[in-house]
Structures are given as C-alpha cells and as structure tokens.
Amino acid sequence: MPQHHPPATAPMRLATTIRPYDWGSVTALPRLFGTEPTGQPQAELWMGAHPGDPSTVDGVPLGDLIAHDPAATLGTPTADRFGPTLPYLFKVLAIERPLSLQVHPTTEQAQAGYADENARGIPIDDRTRTYKDASHKPEMVCALTAFHGLCGFREPAATAALLDRLGVPALRPWIDALTTGAPAHALRTVFAEMLGDAARPVRDQAERALLDTRDDDLTVYGDLARACPGDPGVVAALLLHHVRLRPGQALYLGAGVPHAYLGGIGVEIMASSDNVLRCGLTTKHVDVPELLRVVGFDPSDPYLVEPADDGSGAYDYLPPAPEFALTRHELTGEGAHTLPGGVPQIVLCVEGEARLGDDLALLPGESAFVPAGVASTRLSGKGVAYRARPGAFTK
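Below: a short report on this structure. Given the structure is predicted, the values throughout are model-derived calculations rather than measurements.

Cut-offs and rules
- Residues numbered from 1 in each chain as written.
- Predicted model: local features only at pLDDT ≥ 70, side-chain atom pairs only at ≥ 80, totals over all residues.
- Heavy atoms only, no water.
- Helix = DSSP H or I, 4+ residues; strand = E, 2+ residues; numbered from the N terminus.
- Contact = heavy atoms within 4.5 Å.
- Pairing = 2+ DSSP bridges.
- Buried < 20%, exposed > 50% of the residue type's maximum accessible area, 1.4 Å probe, protein only.
- Arc of directions from axis to C-beta.
- Core = buried A, V, L, I, M, F, W, Y, C linked by side-chain atoms within 4.5 Å.
- Salt bridge = Lys/Arg side-chain N within 4 Å of Asp/Glu carboxyl O.
- Axes fitted to C-alpha atoms, helices over the stretch in contact; angles between N-to-C directions.
- Parallel < 35°, antiparallel > 145°, perpendicular 65-115°, else oblique.
- Left-handed = near helix turned anticlockwise from the far one by under 90°.
- Nonpolar A, V, L, I, M, F, W, Y, C, P; charged D, E, K, R; others polar.
- Polar contact = N/O pair within 3.5 Å; in protein donor to acceptor, adjacent residues only side chain to side chain.
- Phe/Tyr/Trp six-rings, centres within 6.5 Å; stacked < 30°, edge-to-face > 60°.
- Lys NZ or Arg CZ within 6 Å of the ring centre and 35° of its normal.

1. Considerations on the environment of K382
Considering the arrangement of structural elements, one finds K382 in strand β22 (residues 376-389). Each C-alpha atom of the pair K382 and G335 lies 10.0 Å from the other, and the pair is 47 residues apart in sequence. If sequence neighbours within four positions are ignored, K382 has contacts with L331, T332, G333, E351, G352 and E353.

Pasting the structure below:
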C-alpha cells in the first residue's frame, strides 16, 4: 500500500524516540517532562530525520516526508545547499555519568573514512564501525540546568602546573614535555603517550592521586577516576579545559576539538551525523589511531556562543555552522512570537505550554516540525521553547 504523506502546509506534531544509553539519567527527563520513569536510563531525545532514529509524522519517517517533497518541506534554498535532507539533528541530553572522550571529523575526513569502511565491508551497525555516515558533526549544546564538561586542549604550561600539583614523580616526563616543546607537538606527544598501553603504571599512580585530591581544580578529574576506574581517558582528560555552563549558556564544538560532557541537562543541535571517534571514558568502540589522526592539537579556549536578544524574549544562538542555529523563546502568556516561513524548523517545548498557530499545543518534551512551505507561524503560550533551524538563515 502506498505510504500516505501528510501535506506540508501546517506545523506537524512529531513522534520521537529516547535513547537509553548507560550514561543517561533514569529520572531527569521524566522530571523535566512530567512523565513516568521507565526504570531505565533516558539519555537522548532525538528530533530530526537521521536514519539512526528518525522522528515520525503520523507514522511516516520525517526523512521520507522530506524526500517526497523537498521544496515544500525544506524550502528551495535549504534543499539547494544541503540536498533533500534535513541538515541538522536536534536532541535533549540528560547526563548522569560521563560521556566518552571523543572528537568529530571534518567533512573530508568523514567522507574518506566512510568510503574506506564501506570498501572494507564493515556493516553500518557493526560495533567496530567508526564512520556511520559521510558528514562532519559540528555541534552546540545549550544548558537547561547547570551543565559541565571537558572541551579543548588547555595551554600546555597550565596543564603542566596542574599535573605537578598531583605530586606524582612518574608524571615528570610529561610535565617536562609540556613545558619545553612547541605547544601542538607537546600535546600530541603527551596525549598519545597517555593513551598507550605502556603508560598504564603511570596512569595508575595518577589515578590514585586523583582519588585522594582535595584540590578544587582537580576534583572533577577525581570524579572521573571514580566513575571510570582504570580507563586511559581519565588521565588524558587532564589535558582539557573543564567548562561549566549556567542555564541558557551555550558551547560550540567544531571538528577536531576533543571533548566529553560530564553532567546536566541540555538541548543539543548538530549537523545530521553520528560520526564519533572515541578514545576513553566509554564501553563503546575505541579507535585511538584514527582519533589521533583527526584531533586538532592546537590549544584553544572553549567556544561559548552568546545569544542575541531581540528584546521580545527570543534569544538567537548563531554558531559558525551552516547546518544549524537555535532560538530560545521565553513565552509570557501575552502576545506571540512570529516564526518566519521558508526554512525547515523544529520547535520543542521544555517548560509550560507552547502553541503553534491556533491548533497545535506542545507540552514539555513534545515537538513539532514546521515545514518551509508554511508562510509564517505564531508561537505563543506561557513557558519556554527552543527552535532549531538551518544556520544559513539568521531568524
């Protein structure tokens, strides 16, 4: 029987999936959304058309709906730029335990890696598969609660001083390398050695020191040692900045930036990809040689994205990625925000109630797809909603 495709003429309620990764919280999303806990971790709510877990409209996968009529669902500018596919993937993360220490590839690296693994006959769902698609995966996370993680290499001299405070003599060769070498070369050398099998005795000593530390700058790494005992990523994480976000703050991660989210609830938006290269803090597939090839070793400060306030209660987060942008809508119960047409948008309610037009009401955790063919839409209600859209368009 031919599949019925709902017309792309009005906002469409999405049916979505929550992924039960082991790092997810059992209670955070049920508490946020007012739903009953399942007893299992609820880690990631996915909203989008990625084939790994596509949202559906009246039982039709969003990707099929878009492929059926790209002009009406995406709009010609978006379809011309990205092809007949939604260029972003929108998520809510609820993090109870550390995520893997990871990095994402550039487009060129993803295309080459994807083609290579296809040529070697590695199935897409194989546990040892590294490249799940041919896309890069820039991403941005916006905190809904206090949120923290690791992001980017600290200046080597600052890291050397931090390692010295652990009081572990066996760390001296790494401390010396970080204080005498060119920054990128020193970081490459020390990071690779920290992850190697030969470093296990040194890692064990450093981990014991982390478990005993009372140093405020080191306690987060001690928490990692408790959460992931014996994992090479615990000591390698000492090279990275610890970043704390207040609700409403956002962090952008481009290709090659090592990172690991550690705790909190946030909305995340990214290019529609599932390419993750891991080196530690995980039970999933680890590919250290490929990760070392992809990581950028220049020190860098965390890229915080400051929202632009238009005065109406809409706050735009505009990262340097063409695939996505995000707006936080604070709805007061008076008046409405006008969402322009012409671009594919996903609206998620996280607090109170958000209404699209006169007919579609969203409660916390509920979302809707607004096709490009909808000329404009009124967003009203009382609460907080987040709106995802392509980044090539600023509103």
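Picking up after the structure, the text goes on.
2. As for the pairing of strand β19 (residues 345-356)
The pairing of β19 with strand β21 (residues 367-370) spans four bridges and is classified as antiparallel. Of the residues in β21, the one forming a bridge with Q345 is V370. Bridge analysis of β19 against β22 gives ten bridges, and the strand direction is antiparallel. If you follow G352 over to β22, its bridge partner there is G383. Judged from the three bridges that link them, β19 and strand β20 (residues 360-362) form a sheet pairing that is antiparallel. Pairing of R355 across the sheet is with A361, part of β20. What sits between β19 and β20 in their antiparallel hairpin is a turn of three residues, with G357 showing a positive phi close to 65°.

3. Topic: helix α7 (residues 172-180)
W174, I175 and L178 are the residues of α7 that are buried. Angularly, the buried residues of α7 cover 100° about the axis, an arc narrow enough to put them on a single face. Exposed and oriented more than 90 degrees from the buried face of α7 are P173 and T180. Considering only its buried residues, α7 is in contact with α6 (156-164), α8 (183-195), α9 (200-212) and α11 (233-236).

4. Digging into the nonpolar core
Core analysis: the biggest nonpolar cluster contains 49 residues, and L171, F191, Y221 and L238 have the highest contact counts within it. A per-element tally of this core places α8 first, with six residues. In contact with Y221, not counting residues within four places along its chain, are L150, R154, L162, L210, V234, A237, L238, L240, H241 and H242. The next biggest cluster of nonpolar side chains, apart from the first, holds 43 residues, and it includes V92, A250, I265 and F324.

5. A closer look at the pattern of salt bridges
The tally for this structure, following the rule as stated, stands at 16 salt bridges. For the salt bridge of R13 with E366, the shortest nitrogen-to-oxygen distance reads 3.2 Å. Note that R13 is positioned in strand β1 (residues 12-13) and E366 in the loop between β20 and β21, a separation of 353 residues in sequence. With a relative accessible area of 29%, E366 lands in the partly exposed category. The partner of D116 in a salt bridge is R120, with the nearest N and O atoms 2.9 Å apart. On the basis of relative accessibility, which here comes to 54%, the residue R120 falls in the exposed class. Within the structure, one salt-bridge network assembled from shared partners comprises D164, R172 and D176.

6. Remarks on the packing of α9 against helix α10 (residues 219-227)
Orientation of α9 relative to α10, taken along the N-to-C sense of each, is 115°, at an axis distance of 8 Å. Judged on the interaxial angle alone, α10 and α9 are roughly perpendicular. Like other packed secondary-structure pairs, α9 and α10 cross with a definite hand, here left-handed. In this structure, α9 contributes E207, L210 and L211 to the contact, and α10 contributes Y221, G222, A225 and R226. Classifying every residue of the contact of α9 with α10 by side-chain character gives four nonpolar, one polar and two charged.

7. Observations regarding the side chain of H285
Tracing the chain through its elements places H285 in the loop between β13 (277-280) and α12 (288-294). Reaching out from H285, the side chain makes a polar contact with the backbone oxygen of T128 at a distance of 3.1 Å. A distance of 3.5 Å separates polar atoms of two side chains, one belonging to H285 and the other to T130.

8. Let's talk about the packing of aromatic side chains
Tallied over the full model, the rule gives six aromatic pairs. Considering the side-chain rings of F191 and F297, the 6.0 Å spacing of their centres and the 65° angle between planes classify their relative orientation as edge-to-face. Remark: F297 occurs in the loop between α12 and β14 (303-305) and F191 occurs in helix α8; sequence separation between them is 106 residues. The burial state of F191 is the same as that of F297; both residues are buried. Clustering of aromatic rings is evident, with ring pairs tying together F153, F191 and F297. Between R19 and the ring centre of W46, over which it is positioned, the NZ or CZ distance is 3.9 Å.

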